[in-house]
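Spelled out from the first residue to the last, the chains are:
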Amino acid sequence: MAAFLVLADTSIVNVAAPVLQSDLGAGFAETQWVVAVYQLTYAVLLITGGRLGDLYGRRRLFVLGLVGFVITSAACGFATSPTALIAARALQGATAALMYPQTLAVIQVVVPPERRPKAFAALGMVVSGATIAGPMISGVLIELDILGSSWRPAFLLNLPIGLLGVLAALKFLPESRSEQARKLDLPSVLLVTAALGCLIYPLIEGHERGWPWWSLALMLLSLPLFAAFHLRCTQVHRVTQSALVPPSLWRDRAFTVGLVMYVLAYSGIASFFLYQSLMLQFAYGYSALAVAAIMSPFAIGSMAGYYSSTPFAKRTSGRVAVTVGALIWALGDIAVGATTLLAGNELKGWYFVPSFVIAGFGLGIALAPLLGVVLGSVRSSDAGSASGTLSTGQQVGAVLGVALIGVVFFGTLGSAAERSAEQRSTTVHATLVATEGAERADRLTKDFASCVVARGEGGTTAEGPCRPLAAAADPAVTTQLTEASRHDYRMAYGVSAFVLAAAAALVALGVRFLPRPAPAPKP
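Here the structure is a predicted model, which is why all the values come from computation and not from measurement.

Cut-off values and rules
- Counting restarts for each chain, with residues numbered from 1 along the sequence as it is written.
- Thresholds applied to this predicted model are a pLDDT of at least 70 for local features of residues and 80 or more for the giving and counting of side-chain atom pairs; totals over whole chains, interfaces and linings are not thresholded and use all residues.
- In computing side-chain properties, one takes all heavy atoms of the structure into account and sets aside hydrogens as well as water.
- Here, the term nonpolar core denotes a set of buried Ala, Val, Leu, Ile, Met, Phe, Trp, Tyr and Cys residues that are joined through side-chain atoms within 4.5 Å.
- In this scheme, a residue with accessible area under 20% of its type's maximum is buried, one over 50% is exposed, and one in between is partly exposed, where area comes from a 1.4 Å probe on protein chains only.
- By the criteria applied, helices consist of DSSP H or I runs no shorter than four residues and strands consist of E runs no shorter than two, each listed in order from the N terminus.
- Here, two residues are considered to be in contact whenever any of their heavy atoms come within 4.5 Å of each other.
- Take the number of residues in a helix, subtract one, and multiply by 1.5 Å to get its expected span.
- Here the arc refers to the set of directions running from the helix axis out to each C-beta atom.
- When the centres of two rings from Phe, Tyr and Trp lie within 6.5 Å, Trp using its six-membered ring, the rings pair. Their planes under 30 degrees apart give stacked, over 60 give edge-to-face, and anything left gives tilted.

*Asks:* Any chance you could explain the nonpolar core here in plain terms?
*Replies:* One broad trend across soluble globular proteins is that nonpolar side chains are buried collectively. Ranked by size, the top nonpolar core spans 103 residues in total, and within it L85, W151, I200, Y275 and F409 carry the most contacts. If one sorts the elements of this core by residue count, helix α10 (residues 253-283) sits on top with 17 residues. If near-sequence neighbours (up to four positions away) are discounted, L85 is found in contact with L20, L24, V34, C76, A79, W151 and F155. Among the nonpolar cores identified, the runner-up in size contains 22 residues, and Y42, L46, F62 and L173 belong to it.

Next up, the structure:
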């Protein structure tokens with residue numbers, strides 16, 4: 001139950017993002033933060049949450065984290081401003097980091113060894129189910145619009161489920177802790193949080209603010225902060241052997257290559273759906289439920305790939321499965337980009353079904369054996385630390401994906417909007433002269449150009465230069481605005497899909513740089 005809540009809340013916002021953006025009057029950057037900040041705080045505190053459970057009791061931390069998750073979910077559901085929602089999402093991610101590691105640890109400690117494979121398989125099913133169900137749950141709740149609550153039940157649904165989980169944990173979950181628990185290193189947590197913040201904040205905010213000088217300065221500042229984090233880990237490891245990331249891992253080529261592969265792989269999942277949701281809802285007027293339905297073939301394909309991966313890896317190898325899966329994934333992303341760009345403004349959601357199935361199938365084949373392939377190449381003495389750090393890398397990759405693909409998406413959207421404004425203004429002016437007169441036509445044409453550019457920067461037809469056009473209500477102008485918006489969003493998402501295809505192809509390439517594990521000694 002807890003695992004379902006944590007994972008569903010990473011995907012549930014992708015469908016809800018355009019609706020809550022309109023409802024709260026948020027900009028594009030604030031919408032990105034709603035998605036990314038949850039995964040950021042979850043990522044940087046994941047290892048710390050596990051160690052707190054080892055030190056102070058896993059049931060205690062699980063219950064504390066779940067209670068916090070319920071409270072912060074309520075804060076998300078009742079948020080009245082983008083800032084309040086972003087703050088609540090940050091705290092929600094922190095509480096998830098307290099809760100989720102205890103789930104894995106309790107299975108390891110409480111479940112008998114012979115039953116653990118089934119327990120972890122069940123957990124894998126829950127994780128996959130949450131990823132699929134999150135967007136659908138969000139779409140259904142937004143479509144129902146219970147008492148005019150729009151997107152809010154997507155968060156408030158966590159309350160009854162979470163409270164039931166608390167009661168079940170208090171009654172059935174035994175307390176456990178580690179006798180050899182390693183100490184916490186809060187300075188390392190603060191350093192890596194600051195470093196990631198300095199890198200991610202300007203990537204998200206830079207485009208909307210016109211890339212001011214401080215955006216580059218912050219990104220440069222992240223470099224010495226990452227270096228300070230490494231030095232701190234080295235110092236702590238030398239004294240207490242409890243570094244957040246043991247320094248020996250960075251000298252292991254299998255770990256460094258594997259971490260890059262993880263970041264690349266998971267950078268393409270959240271951003272893939274977030275920006276498609278923005279395109280379909282803002283430019284094409286699809287409902288949240290319709291967008292969730294359009295995304296479902298990807299989830300079905302990934303489930304099929306996940307279950308096909310094990311027999312395929314047995315017939316070939318895990319390395320081959322990752323390589324082939326990532327290449328199929330890249331091919332599917334290329335098909336998504338080509339569909340988006342070639343279909344024209346008459347693009348329909350169902351056009352994506354074949355390419356989504358292909359991309360999802362490849363993803364499932366690649367990701368199922370990825371951890372085993374990477375850890376199989378890492379020194380056995382570092383396997384435990386590498387596993388925890390790679391799990392953190394998943395979430396960091398998701399955050400970086402939202403930020404970096406956002407730079408591509410919104411940069412392309414803004415450029416396309418400027419070209420559309422210039423190309424369509426002549427047609428609009430000729431139309432308006434016939435109905436509004438020359439002087440008013442000149443003024444409205446300037447408003448049209450400004451409106452197209454503003455919409456490419458996150459504005460709506462009810463704001464700024466778009467307001468006079470809405471008041472004029474000329475059907476021809478409205479049509480040109482709609483066509484411009486569809487064209488611009490298609491360009492943005494199409495280019496983004498090709499970038500995501502390149503990331504998937506690099507995952508396949510990364511397998512070649514992983515050292516092969518030493519053969520098992522003959523008996």
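*Asks:* Is there a simple way to explain helix α7 (residues 158-172) in this structure?
*Replies:* Owing to its 3.6 residues per turn, the α-helix brings residues three or four apart onto one side. Over its 15 residues, α7 runs 20 Å from end to end, which matches the ideal 21 Å to within 8%, given 1.5 Å per residue. Listed in full, the buried residues belonging to α7 are N158, G162, G165, V166 and A169. Burial along α7 is one-sided: seen end-on, the buried residues are contained in an arc of 105 degrees. Facing away from the buried side of α7, by more than 90 degrees, are the exposed residues L164, L167, K171 and F172.

*Asks:* Is there a simple way to explain the packing of aromatic side chains in this structure?
*Replies:* One pair of aromatic rings is described through two measures. These are the centre distance and the angle between the planes. What the rule picks out here adds up to 23 aromatic pairs. Consider the rings of Y42 and Y100, whose centres lie 6.4 Å apart with planes at 70 degrees: the pair is edge-to-face. In this pair, Y42 sits in helix α2 (residues 28-56) while Y100 sits in helix α4 (residues 82-110), placing the two residues 58 residues apart along the sequence. Residue classification places Y42 among the buried positions, given a relative accessible area of 2%. With a relative accessible area of 13%, Y100 lands in the buried category. Counting every residue linked through ring pairs, the aromatic cluster contains F28, Y275, F282, F409, F410 and Y489.

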